[in-house]
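Report on the structure
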Amino acid sequence: MTEQADNSAKYRRAWSRFATGVTIITTTEPGGATHGMTANGVTSVSLDPPLALVCVAHSRNSYALISESGEFGISVLSQSQKSVAQHFAKDPAERGPTPDGMFEGLGAGPAVVSGSLSIFSCQVVSHHEEGDHSIFIGLVKEFETREGEPLIWYEAGFPVLESQD
Ligand SMILES: Cc1cc2nc3c(=O)[nH]c(=O)nc-3n(C[C@H](O)[C@H](O)[C@H](O)COP(=O)(O)O)c2cc1C
């Protein structure tokens, strides 16, 4: 392994110890179909106005699609949606067909994943290229939330948290 590859692997391992939730970033393809990508590089930026950001690698299909459409959806997954995270983490050529009923439309903006814990519909207000990723900041136009257990990503797996009570 080259020194650079070794450093990248160490860098990934260090971040793998930062436990996060798991989301699907959705966008609309030029033909109108919904495109999804599993992502944990997501956070809230501002309450007033409500802003959220997503970090998308330039190599992803989603990068060009968000750049073109100027909008994205965020669906925060529940523990029961592990297979959804696995599906949208694959390259689209290897995903197989997206199961029926995966997405539901909102009033405007991209569709979101049905049954998610929270959903946000965002319009891109700024775009920052940084290294091999871009940060898209979106104004949240619509959001909804519901009760449930979250899907967690930690050390490249989906652990089930035990209640601390
Ligand atoms: C838990 C998890 C989190 C991920 N987070 C991101 C992310 O924040 N940004 C990103 O560009 N890719 C992320 N990925 C990788 C993409 O989901 C993956 O490359 C996907 O195939 C991209 O699809 P697309 O090229 O069709 O957009 C993540 C993968 C997993 C399993």
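Everything below is about the structure shown above.
Now for a description of the structure that goes with this document. Remember, it's a predicted structure, so these values are computed and weren't measured experimentally. (Residues numbered from 1 in each chain as written. Predicted model: local features only at pLDDT ≥ 70, side-chain atom pairs only at ≥ 80, totals over all residues.)

Let's talk about the site of the ligand
For clarity, the cut-off: Near, for a residue, is defined by distance from a backbone-placed C-beta atom to a molecule or strand, with 6 Å as the limit that must not be exceeded. Only DSSP runs of H or I with at least four residues qualify as helices, and only runs of E with at least two residues qualify as strands; both kinds are numbered from the N terminus onward. The classification used treats Ala, Val, Leu, Ile, Met, Phe, Trp, Tyr, Cys and Pro as nonpolar, Asp, Glu, Lys and Arg as charged, and all other residues, Gly among them, as polar.
Lining the immediate surroundings of the ligand are 17 residues, of which A39, G41, R60, N61 and S62 lie closest. Of all the elements in the fold, those that place two or more residues in the shell around the ligand are strand 3 (34-39), strand 5 (51-57) and helix 2 (61-69). When the residues that make up the shell around the ligand are grouped by side-chain class, the tally is nine nonpolar, five polar and three charged.

What about the sheet that holds strand 2 (residues 23-28)?
Quick note on the threshold: Between any two strands, at least two bridges found by DSSP are needed for them to pair. In this analysis an axis means a line fitted to C-alpha atoms, helices contributing only their contacting stretch, and an angle means the value between N-to-C directions, from 0 to 180 degrees.
With antiparallel pairing, the seven strands of this open sheet are ordered in space as 3-2-6-9-10-5-4. Two strands close off the open sheet at either side, each with one partner strand: strand 3 and strand 4 (42-46). On average, each strand axis in the sheet is tilted by 35° relative to the strand beside it, whichever way the strands run. Taken together, the four bridges between strand 4 and strand 5 define a ladder with antiparallel strand orientation.

A look at the environment of E142
Quick reminder of the rule: Two residues qualify as being in contact provided that their C-beta atoms, derived from the backbone, are within 7 Å of each other.
Assignment of secondary structure puts E142 in strand 10 (residues 133-145). E142 sits 92 residues away from P50 along the chain, and the two C-alpha atoms are 9.8 Å apart. The contacts of E142, once residues within four sequence positions are left out, are L106, G107, G109 and S121.

Examining unusual backbone geometry
Cis geometry is found at the peptide bond from D48 to P49, where omega equals 5°. With respect to the secondary-structure elements, P49 resides in the loop between strand 4 and strand 5. Of note in the backbone geometry, E155 takes a positive phi value of approximately 50° without being a glycine. Turning to its location among the elements, E155 is positioned in the segment after strand 11 (152-153). The backbone phi angle of A156 is positive, close to 60°, even though this residue is not glycine. Relative to the elements of secondary structure, A156 occurs in the segment after strand 11.

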